[in-house]
Amino acid sequence: MNETNPQKRVTLAELRRASRDGRKIACLTAYDAAFSRLADEAGVDLILVGDTLGMVVQGEQTTTRVSMDDMVYHTRLAAAGRRRALLMADMPFLSFTHPEKALLNAARLIQEGGAEIVKLEAGGDQAAVIEHLSKQGVPVCAHLGLHPQFIHKLGAYRVQGREPAVAERLIRDARTLEEAGAELLLLECVPATLAREITRNAGIPVIGIGAGLDCDGQILVLHDVLGITPGGQPPRFSQNFMTGHDSVHGALHAYVEAVHNSQFPTPDHSF
Ligand code: KIV
């Protein structure tokens with residue numbers, strides 16, 4: 001957003017203003033105080049404590065074994081390092097199967113962890129959960145497109161929305177979840193043209209990962225940005241920003257600048 005006054009905390013209202021004014025939002029995952037501080041100092045606008053921690057921190061093959069206790073613990077660590085960025089935390093697999101269960105778990109992320117918004121890998125059929133959280137004052141980011149928590153059903157991490165019927169469902173779901181009270185939308189691994197259409201129609205900021213350049217903001221996994229993806233095989237939509245930089249701060253700053261200046265992602269990172 002190019003607004004790096006360290007005294008001024010990023011709020012949802014500021015993200016909405018950035019989206020309205022066409023200022024790109026730079027987001028990154030972090031899972032502890034050291035890296036959330038580095039991300040914050042590099043000018044990241046939103047830090048996500050993602051359940052990717054299961055894969056990049058805990059060494060698992062999927063995100064499905066991450067628990068609520070894990071999420072609360074890592075959110076608390078990330079909150080301790082963050083100064084300016086908005087702090088978002090993931091609701092892990094099966095933690096939001098009913099509205100009341102979702103509320104109790106979201107409350108833990110906010111009250112014990114220090115999160116300011118929670119993210120749910122949710123489709124249109126979970127609108128009631130988002131509505132319940134929103135009515136109780138819990139800000140929600142709806143994560144649409146590829147749902148890594150569904151990996152055992154999906155079988156593989158694939159681009160979602162290439163087929164017209166799936167694309168139409170995603171457009172419908174985005175509208176439904178915004179109407180249910182979602183404050184942000186995250187689109188993962190969808191064709192750039194579809195992401196552009198969803199972003200144009202949305203009244204809330206849309207953050208993309210593998211969703212092309214036309215979202216309001218971008219997010220990547222910290223370990224991919226630092227070139228330390230477990231297994232060494234980074235996803236096509238990510239970029240190792242350590243290339244050409246000799247410090248973590250330099251790499252994170254280059255990522256933030258590239259997002260703010262619409263230089264990342266390129267068509268090579270998009271579908
Ligand atoms: O869990 C996570 O880190 C995420 C990102 C991939 C957006 O959801």
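Quick summary incoming for the structure in this document.

What counts as what
Residues numbered from 1 in each chain as written. Predicted model: local features only at pLDDT ≥ 70, side-chain atom pairs only at ≥ 80, totals over all residues. Heavy atoms only, no water. Helix = DSSP H or I, 4+ residues; strand = E, 2+ residues; numbered from the N terminus. Rg over C-alpha atoms; globule rule 2.2 N^0.38 Å. Buried < 20%, exposed > 50% of the residue type's maximum accessible area, 1.4 Å probe, protein only. Pairing = 2+ DSSP bridges. Axes fitted to C-alpha atoms, helices over the stretch in contact; angles between N-to-C directions. Contact = heavy atoms within 4.5 Å. Arc of directions from axis to C-beta. Parallel < 35°, antiparallel > 145°, perpendicular 65-115°, else oblique. Left-handed = near helix turned anticlockwise from the far one by under 90°. Nonpolar A, V, L, I, M, F, W, Y, C, P; charged D, E, K, R; others polar. Polar contact = N/O pair within 3.5 Å; in protein donor to acceptor, adjacent residues only side chain to side chain. Near = heavy atom within 4 Å. Phe/Tyr/Trp six-rings, centres within 6.5 Å; stacked < 30°, edge-to-face > 60°. Salt bridge = Lys/Arg side-chain N within 4 Å of Asp/Glu carboxyl O.

### Focus on the overall build of the protein chain
Then, number 1: A count of helices and strands for the protein chain gives 11 helices and 8 strands.
Then, number 2: At 17 Å, the protein chain has a C-alpha radius of gyration in line with the 18 Å of a compact globule built from 271 residues.
Then, number 3: Projected onto the principal axes, the alpha-carbon positions of the protein chain cover approximately 45 × 40 × 40 Å.
Then, number 4: Within the protein chain, the proportion of its 271 residues that are buried is 55%.

### A closer look at the sheet that holds strand β7 (residues 206–209)
Then, number 1: The 8 strands lie next to each other as β1-β2-β3-β4-β5-β6-β7-β8, forming a closed barrel whose pairing is parallel. Each strand of the sheet is rotated relative to its neighbour by a mean of 25°, with strand direction disregarded.
Then, number 2: Strand direction decides the pairing type here: strand β6 (residues 184–188) and β7, joined by 4 bridges, are parallel. Within β7, the residue paired with E188 across the bridge is I209.
Then, number 3: Sheet strands touched by helix α6 (residues 127–135): β4 (117–121) and β5 (140–145). Its angle to β4, the strand with the most contacts, is close to 175°.

### So, α6
Then, number 1: Listed in full, the buried residues belonging to α6 are A127, V129, I130 and L133. Down the axis of α6, the buried side of the element spans an arc of 160°, and every buried residue falls inside it.
Then, number 2: Next to the buried residues of α6 lie α5 (99–111), β4, β5 and α8 (164–180).
Then, number 3: Of the residues flanking the end of α6, it is G137, one or two places downstream, whose phi is positive at about 90°.

### Section: the packing of helix α2 (residues 33–41) against helix α4 (residues 68–81)
Then, number 1: Orientation of α2 relative to α4, taken along the N-to-C sense of each, is 45°, at an axis distance of 7 Å. Looking at the two axes, α2 sits oblique to α4. Where α2 crosses over α4, the two elements pack in a sense that is right-handed. Here A33, S36 and R37 of α2 come into contact with α4, specifically with L77, A78, A80 and G81.
Then, number 2: Taken together, the residues of the contact of α2 with α4 sort by class into 4 nonpolar, 2 polar and 1 charged.

### Thoughts on the side chain of K119
Then, number 1: Here K119 is to be found in strand β4.
Then, number 2: Exposure remark for K119: the relative accessible area of 2% places this residue in the buried category.

### Some remarks on α2
Then, number 1: Of all the positions in α2, only S36, L38, A39 and D40 are classed as buried.
Then, number 2: Check the buried side of α2 and you find it contacts β1 (25–29), β2 (46–49), α4 and α11 (248–260).
Then, number 3: N-capping of α2 is provided by D32, with a side-chain oxygen placed 3.3 Å from the backbone N of A34.

### So, the site of the ligand
Then, number 1: Looking at the ligand, the residues that line it are T29, L48, G50, D51, T52, D90, K119, H143, L186, I209 and I219.
Then, number 2: Within the side chain of D51, an N or O atom sits 3.0 Å from an oxygen atom of the ligand.
Then, number 3: In this structure, K119 approaches the ligand through a side-chain N or O atom, which is 2.8 Å from an oxygen atom.

### A closer look at the packing of aromatic side chains
Then, number 1: Counted under the stated rule, the structure contains 3 aromatic pairs.
Then, number 2: For the pair Y255 and F264, a centre-to-centre distance of 6.2 Å together with 70° between the ring planes defines the contact as edge-to-face. Grouping residues by exposure puts Y255 and F264 together as buried.
Then, number 3: Taken together, F241, Y255 and F264 form an aromatic cluster joined through their ring pairs.

### Remarks on the pattern of salt bridges
Then, number 1: Per the stated rule, a full pass over the model turns up 16 salt bridges.
Then, number 2: One salt bridge connects R37 with E41, and the closest N-O pair in it is separated by 3.6 Å. Taken together, the residues span about one helical turn, with R37 and E41 both in helix α2 at a distance of 4 residues.
Then, number 3: Residue classification places E41 among the partly exposed residues on the basis of a relative accessible area of 47%.
Then, number 4: Through salt bridges that share partners, E14, R17, R20, D21 and R23 make up one connected network.

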